[in-house]
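# Survey of secondary and tertiary structure
Given next are the chains, with one letter for each unit.
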Amino acid sequence: MFDGKTAIVTGAGQGIGKAIARRLAGQGMKVVVADIDPVSAQKVADEIGGLAVSGDLRRADAVDALVATARARYGRIDMLVSNAGFARGDGGHAAAAPDELWQDSWDLHVMAHVRAARLLLPEMIERGSGWLVNIASAAGLLSQIEDAAYSATKHAAVSLAQSLAISHGDQGIRVSVVCPQYVATPLLGYADGAPQGRPHDRVILPDDVAGALMDGLAENRFLILPHPEVAGYMRLRGVDMEAWIKAMRKLRKAALADGVPDNLSQLHRRI
């Protein structure tokens, strides 16, 4: 299924992206390890025998360069895994974050995937095969407390994945969106590769997400939930939005009982 094929994985220098790159390489794929940090990208690429490409994927020219470099080395690209992302928090109220943060969130969580897919889809459609994968977030199905920009752009990422699946599923393009909750990565303050000190079992490991992705790809699933309980939260939200918002307000109140946390690393330990 994967052996001999080529994948681009963004944000693959650490965390979830690194775990996915390892899994794909272990299945015989040639992996392009893309990351904003060239040192991390090269380290992972050396480990798995892949190609390291560094660049800031908020910029269209960096996406163009990534795809061009991947093609120059490997020719056709069979899979795109858009994993790169970040979270900064609101900073006071739900509209407090500056325009620059909203734009950065939009460019990385949505437009980086759009721009890469725009380059890759024509050849995928022509040959009738390919994978487009977005590592979004449960925040894209529900909401992340105290981070409106993250939640809004992850919702957009899920919507984009739906559009890609609807438009191109009958052309042989397999589309998946992965929506984990909290994962022990540097984004949450965990040392990469040493995620000790997790406050509860709901904080899963990057390799758990990679494993869920591999299972989902094998089963050709669109929605992949590394935290299965998210399905229940989605049902409540869909059936009774008022009750869901009330529950989220209660959760927020409990999480902020000791004051507004400085970052997501602190917040996830209170939920």
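Read on for a plain summary of the structure. Everything quoted here is computed from the prediction, not taken from an experiment.

## What about the packing of aromatic side chains?
As enumerated under the stated definition, the model contains 1 aromatic pair in all. Stacked on the ring of W244, the Lys or Arg R237 has its end atom at 5.1 Å from the ring centre.

## Here we look at the side chain of R115
Secondary-structure assignment places R115 in helix 4 (residues 99–127). Among buried Asp, Glu, Lys and Arg side chains, R115 stands out as unpaired, with D107 the closest opposite charge at 4.1 Å. Engagement of the side chain of R115 in a polar contact is seen with the backbone oxygen of R58, the distance being 3.3 Å. With residues up to four places along the chain from it excluded, the contact list for R115 reads R58, R59, A60, V63 and D107.

## Structural notes on the pattern of salt bridges
In the structure shown here, the tally under the stated rule is 11 salt bridges. Measuring nitrogen to oxygen at the nearest pair gives 2.7 Å for the salt bridge that ties R22 to E47. With R22 in helix 1 (residues 15–26) and E47 in helix 2 (residues 38–48), the pair connects residues that are 25 residues apart, well separated along the chain. As a salt-bridge pair, R221 and E219 come within 2.6 Å of each other at their nearest N and O atoms. A residue is classified by how much of its surface remains accessible, and R221, at 30% relative accessible area, is partly exposed.

## Overview of the pairing of strand 5 (residues 130–135)
Here is the key point about a regular strand: its side chains alternate between the two faces of the sheet. Strand 5 sits mainly inside the fold: 6 of its 6 residues count as buried. Along strand 5, one buried face is formed by G130, L132 and N134 and the opposite face, lined by W131, V133 and I135, is buried too. Both strand 4 (residues 79–82) and strand 5 contribute to a ladder of 4 bridges, which runs parallel. The residue of strand 5 that forms the bridge with M79 is W131. Note: strand 5 against strand 6 (residues 173–178), 6 bridges, orientation parallel.

Cut-offs applied
Going along each chain's sequence as written, the residues are numbered from 1 onward. The predicted origin of the model limits local features to residues at a pLDDT of at least 70 and limits the giving and counting of side-chain atom pairs to 80 or more, whereas totals for whole chains, interfaces and linings rest on all residues. Calculation of side-chain values draws on the structure's entire complement of heavy atoms; hydrogens and water are dropped beforehand. Two rings from Phe, Tyr or Trp (for Trp, the six-membered ring) form a pair when their centres sit within 6.5 Å of each other. Planes less than 30 degrees apart are called stacked, planes more than 60 degrees apart edge-to-face, and all others tilted. Geometrically, a lysine NZ or arginine CZ counts as sitting over a ring once it is within 6 Å of the ring centre and also within 35 degrees of the ring normal. The secondary structure listing takes helices from DSSP runs of H or I that are at least 4 residues long and strands from runs of E that are at least 2 residues long, numbered from the N terminus. Throughout this description, buried means an accessible area under 20% of the type-specific maximum (1.4 Å probe, protein chains only), exposed means over 50%, and partly exposed covers the range between. For the purpose of charge, His is not counted, nor are the chain termini; Lys and Arg are scored as positive and Asp and Glu as negative. A pair is scored as a salt bridge if a Lys or Arg side-chain nitrogen falls within 4 Å of a carboxyl oxygen belonging to Asp or Glu. Distance and chemistry together define a polar contact, namely a pair of N or O atoms within 3.5 Å, with one atom able to donate a hydrogen and the other to accept it when in protein, and with adjacent residues in sequence counting only for side-chain atoms on both sides. The contact rule is simple, with two residues in contact once any of their heavy atoms fall within 4.5 Å. When DSSP locates at least two bridges between a pair of strands, those strands are taken to pair.

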